[in-house]
Amino acid sequence: MFQALFDAAGQSLLVLSLLLFVDGATTGAGTTPLLLLCARHHEPWKVAVAGGAASAAGSAVQLLVFRWMLGQKRPWMTRFLPSREKIEATLAQYPSASFLAIAIARATPMPDAPLKLVAAVIGYPIWRYLVAVLLGALPYYAALAYVGHEFPMPPWVIGAVVGVIVLGFAIDLLRRRMRA
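Residues numbered from 1 in each chain as written. Predicted model: local features only at pLDDT ≥ 70, side-chain atom pairs only at ≥ 80, totals over all residues. Heavy atoms only, no water.

Points about the overall build of the protein chain
Stage number 1. When you go through the protein chain residue by residue, the secondary structure sums to 9 helices and 0 strands.
Stage number 2. Across the protein chain, helices and strands are ordered from the amino to the carboxyl terminus as α-α-α-α-α-α-α-α-α.
Stage number 3. Counting over 180 residues, the protein chain shows a buried share of 33%.
Stage number 4. Pairs at least 24 apart in sequence give 78% of the contacts found in the protein chain among residues at least 6 apart.
Stage number 5. Accessible surface computed for the protein chain: about 10600 Å², of which carbon and sulfur atoms make up 71%. (Helix = DSSP H or I, 4+ residues; strand = E, 2+ residues; numbered from the N terminus. Buried < 20%, exposed > 50% of the residue type's maximum accessible area, 1.4 Å probe, protein only. Contact = heavy atoms within 4.5 Å. Areas by Shrake-Rupley, 256 points an atom, 1.4 Å probe, with all protein chains shown as cover.)

Listed below in structure tokens is the structure:
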């Protein structure tokens, strides 16, 4: 099933864009593998522009949903929301979700969740967030698309790299929990 999706995304920028939109609206964990796997069939600049726009739109949708969730006082939603202490700690650590900070965070492979949380809490304008994410995604997506286009890798290699990264994050999370 996944191979069929990757094949369809490889043949169609529209399918790749839809996958990146869904990825941007959810976890954002599939962006790098999608770009590396699907860029071999398209010019890197096309992948960067179409993928960046789709991903930015998905991120804006996620920000809207996150804002809505933060504004709700329903008991069933509390399991999906960070605690008040976590929000306050994040706000103390990241006092300003500026345009430049959002763009720079999106231009790297690092998670931008802390800035997204701050943007949701302070009511950062959606259109400005969308533009910052798009401008940050363009160079990052272009670089990944270039690598995927010029040096095609088999899916198992990309899967192995993703697995090692996920394992590293899991080990780090477990160490933090054991110290706390």
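The rest of the description comes next.
Side note on the packing of aromatic side chains
Stage number 1. All told, the structure shown has 1 aromatic pair when counted by the stated rule.
Stage number 2. When the centroid spacing of 6.1 Å and the interplanar angle of 55° are considered together, the rings of Tyr140 and Tyr141 count as tilted. Summarising the burial analysis for this pair, Tyr140 and Tyr141 share the class buried. (Phe/Tyr/Trp six-rings, centres within 6.5 Å; stacked < 30°, edge-to-face > 60°.)

With respect to the packing of helix H4 (residues 44-71) against helix H8 (residues 126-150)
Stage number 1. Where H4 contacts H8, the two axes come as close as 7 Å, and the packing angle between them is 140°. In terms of axis orientation, H4 runs oblique to H8. The handedness of the crossing between H4 and H8 is right-handed.
Stage number 2. Of the residues assigned to the contact of H4 with H8, the class counts are 21 nonpolar, 5 polar and 1 charged. (Axes fitted to C-alpha atoms, helices over the stretch in contact; angles between N-to-C directions. Parallel < 35°, antiparallel > 145°, perpendicular 65-115°, else oblique. Left-handed = near helix turned anticlockwise from the far one by under 90°. Nonpolar A, V, L, I, M, F, W, Y, C, P; charged D, E, K, R; others polar.)

Considering the pattern of salt bridges
Stage number 1. This model, assessed by the stated rule, comprises 1 salt bridge.
Stage number 2. When the shortest N-O distance is used, the salt bridge between Arg176 and Asp172 registers 3.1 Å. One end of the pair is Arg176 and the other is Asp172, both in helix H9 (residues 155-179) and 4 residues apart, which spans about a single turn.
Stage number 3. In this structure Arg176 comes out as exposed when scored by relative accessible area, which is 54%.
Stage number 4. Overall, Asp172 belongs to the partly exposed group, its relative accessible area being 24%. (Salt bridge = Lys/Arg side-chain N within 4 Å of Asp/Glu carboxyl O.)

Section: the side chain of Thr31
Stage number 1. Position of Thr31 relative to the elements: it lies in helix H3 (residues 31-38).
Stage number 2. Within the structure, the side chain of Thr31 is placed 3.4 Å from the backbone oxygen of Gly28, a separation counted as a polar contact.
Stage number 3. When neighbours within four sequence positions are excluded, Thr31 is seen to be in contact with Leu20, Asp23, Arg106 and Tyr141. (Polar contact = N/O pair within 3.5 Å; in protein donor to acceptor, adjacent residues only side chain to side chain.)

A few points about the nonpolar core
Stage number 1. Counting 17 residues, the largest nonpolar core has Leu16, Leu20, Leu35, Val47 and Tyr141 as the members making the most contacts within it.
Stage number 2. Those elements giving two or more residues to this core turn out to be helix H2 (13-25), H3, H4 and H8.
Stage number 3. Setting aside its immediate chain neighbours within four residues, Val47 contacts Leu13, Leu16, Leu35, Ala39, His42, Gly52 and Ala145.
Stage number 4. With 15 residues, the next largest nonpolar core counts Ile87, Ala120, Ile126 and Ala132 among its residues. (Core = buried A, V, L, I, M, F, W, Y, C linked by side-chain atoms within 4.5 Å.)

Overview of the confidence of the model for the protein chain
Stage number 1. Within the protein chain, residue pLDDT values average 85, and 89% of them lie at 70 or more.
Stage number 2. Mean pLDDT across the elements of the protein chain ranges from a minimum in helix H1 (residues 2-11), with 65, to a maximum in H8, with 96. (pLDDT = per-residue confidence, 0-100.)

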